[in-house]
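Fold and geometry: a report
Each chain is listed here by its residues.
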Amino acid sequence: LVLLRPHSLRDNRIELVRASWHELSISVSDVSLSDEGQYTCSLFTMPVKTSKAYLTVLGVPEKPQISGFSSPVMEGDLMQLTCKTSGSKPAADIRWFKNDKEIKDVKYLKEEDANRKTFTVSSTLDFRVDRSDDGVAVICRVDHESLNATPQVAMQVLEIHYTPSVKIIPSTPFPQEGQPLILTCESKGKPLPEPVLWTKDGGELPDPDRMVVSGRELNILFLNKTDNGTYRCEATNTIGQSSAEYVLIVHDVPNTLLPTTIIPSLTTATVTTTVAITTSPTTSATTSSIRDPNALAGQNGPDHALIGGIVAVVVFVTLCSIFLLGRYLARHKGTYLTNEAKGAEDAPDADTAIINAEGSQVNAEEKKEYFI
């Protein structure tokens with residue numbers, strides 16, 4: 001058995017592993033692209049028998065490199081990053097990732113190396129940066145069949161500078177008079193903003209003894225109505241300045257009133273019910289337990305409402321009695337005079353009227369007197 005290749009096998013990297021009448025094996029160490037080619041195994045019999053095999057050597061891509069980044073980058077700038085790798089055979093594939101999300105819109109370029117056997121590939125990523133890109137890792141990944149499913153990667157962490165963003169956070173959503181209040185100026189930016197500046201209504205804080213600034217906090221020890229106004233917080237860094245406003249309205253402390261009992265005004269129906277109550281011992285005992293809502297707990301005093309009700313009942317009963325008595329007397333007197341004078345309307349003189357009257361002694365046996 002003889003194993004041949006296009007070039008001589010006299011190479012220190014080639015070693016005979018096994019030789020017999022049935023098998024001939026060799027090993028090649030430190031394989032290079034030059035080892036690629038056709039290998040022939042011959043069996044010297046009559047006739048000679050041969051077998052051929054073609055060896056393909058893969059070119060492993062070099063570790064990729066990312067270029068085009070210069071730190072820092074200002075917010076809103078257009079960034080162009082290029083990832084390049086050489087020595088791949090066949091040409092490697094390059095993919096971009098940002099926050100573990102693949103970016104598809106990229107440019108791809110493939111070029112042959114000087115040996116005309118391997119390739120250099122590059123890919124360019126263009127995008128406009130904003131503050132959300134600060135600290136984000138952009139990854140270039142190279143995939144190739146020679147890497148045994150373990151891709152080579154290059155990573156670039158972005159540094160984006162941007163103007164501060166400012167927000168004022170109050171310690172309570174409903175500030176009340178006499179209570180303390182803390183206003184926190186939350187500012188974010190890169191570089192980190194300098195100490196913030198607090199103003200009120202466009203000027204300095206009016207009462208430094210009660211309004212204490214500590215870092216990014218404005219602490220008003222106790223509120224009053226003179227603190228009403230617009231408070232502004234300003235933050236500045238090397239990129240720019242930003243501010244936020246908070247309109248303070250100090251509310252009154254809510255009054256906590258004792259519950260009061262409303263006594264309805266007396267009516268005719270109420271008076272009648274009150275009379276029935278006063279005649280019942282059980283009900284009187286219940287009524288006597290009513291207390292003046294304005295009296296202090298633990299003190300006993302006259303119930304003015306009860307006394308007033310009794311007086312009203314007495315007056316009402318008296319007036320009703322007088323009215324009924326007068327009506328009775330008036331009706332009785334009218335009837336008597338009418339019966340006595342009946343039949344005397346046409347008498348020429350008084351004597352004749354007496355004689356003609358139904359109430360006279362002449363007709364006494366026919367007269368009847370009615371009392372109503």
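Residues numbered from 1 in each chain as written. Predicted model: local features only at pLDDT ≥ 70, side-chain atom pairs only at ≥ 80, totals over all residues. Heavy atoms only, no water.

By the secondary structure assignment, R210 is in the loop between β17 (197-200) and β18 (211-214). In this structure R210 comes out as buried when scored by relative accessible area, which is 9%. At 2.9 Å, the side chain of R210 forms a polar contact with the side chain of D207. Non-local contacts of R210, meaning those with residues more than four positions away in its chain, are made with N219, I220, L221, F222, L223, N224, T226 and D227. (Helix = DSSP H or I, 4+ residues; strand = E, 2+ residues; numbered from the N terminus. Buried < 20%, exposed > 50% of the residue type's maximum accessible area, 1.4 Å probe, protein only. Polar contact = N/O pair within 3.5 Å; in protein donor to acceptor, adjacent residues only side chain to side chain. Contact = heavy atoms within 4.5 Å.)

Right, let's talk about the state of the cysteines for a bit. A full pass over the atoms with the stated rule returns 2 disulfides. With a sulfur-sulfur separation of 1.7 Å, C83 is cross-linked through a disulfide to C140. The sign of the S-S torsion, about -70°, decides the handedness of the disulfide formed by C83 and C140: left-handed. One end of the pair, C83, is in strand β8 (residues 78-88); the other, C140, is in strand β13 (residues 137-143), and 57 residues separate them in sequence. The residues C83 and C140 share a single accessibility class, namely buried. The residue that forms a disulfide with C185 is C233, at a sulfur-sulfur distance of 1.7 Å. Since a negative S-S torsion denotes a left-handed disulfide, the C185-C233 link at about -75° is left-handed. (Disulfide = S-S within 2.5 Å.)

For the rest of this paragraph, the subject is the sheet that holds β8. Sheets are built from strands paired through backbone hydrogen bonds, the pairs being either parallel or antiparallel. The sheet built from 4 strands is open, its strands ordered β6-β8-β12-β11 with antiparallel pairing. Looking at which strands have only one partner, the edges of the open sheet turn out to be β6 (65-67) and β11 (107-112). Put simply, the sheet's adjacent strands are angled 20° from each other on average, direction ignored. The pairing of β8 with strand β12 (residues 119-128) spans 9 bridges and is antiparallel. Counterpart to L81 in the pairing with β12 is L125. (Pairing = 2+ DSSP bridges. Axes fitted to C-alpha atoms, helices over the stretch in contact; angles between N-to-C directions.)

With 8 bridges joining them, strand β20 (residues 229-236) and strand β21 (residues 241-248) adopt antiparallel strand pairing. Opposite T230, over in β21, you have V247 as the bridge partner.

As a further point, take the pattern of salt bridges. Oppositely charged side chains may form a pair once their charged atoms are brought near each other. Overall, the coordinates contain 17 salt bridges when judged by the stated rule. The salt bridge involving E112 is made with R116; its shortest N-O contact spans 3.9 Å. Judged by its relative accessible area of 46%, E112 falls in the partly exposed class. K190 is paired through a salt bridge with D134; the nearest N and O atoms lie 3.1 Å apart. One end of the pair, K190, is in strand β16 (residues 181-190); the other, D134, is in the loop between β12 and β13, and 56 residues separate them in sequence. Using a relative accessible area of 25% as the deciding quantity, one classes K190 as partly exposed. Residue class for D134 comes out partly exposed when judged on its relative accessible area of 23%. Where salt bridges share partners, they join R95, E102, K104, R141 and D143 into one cluster. (Salt bridge = Lys/Arg side-chain N within 4 Å of Asp/Glu carboxyl O.)

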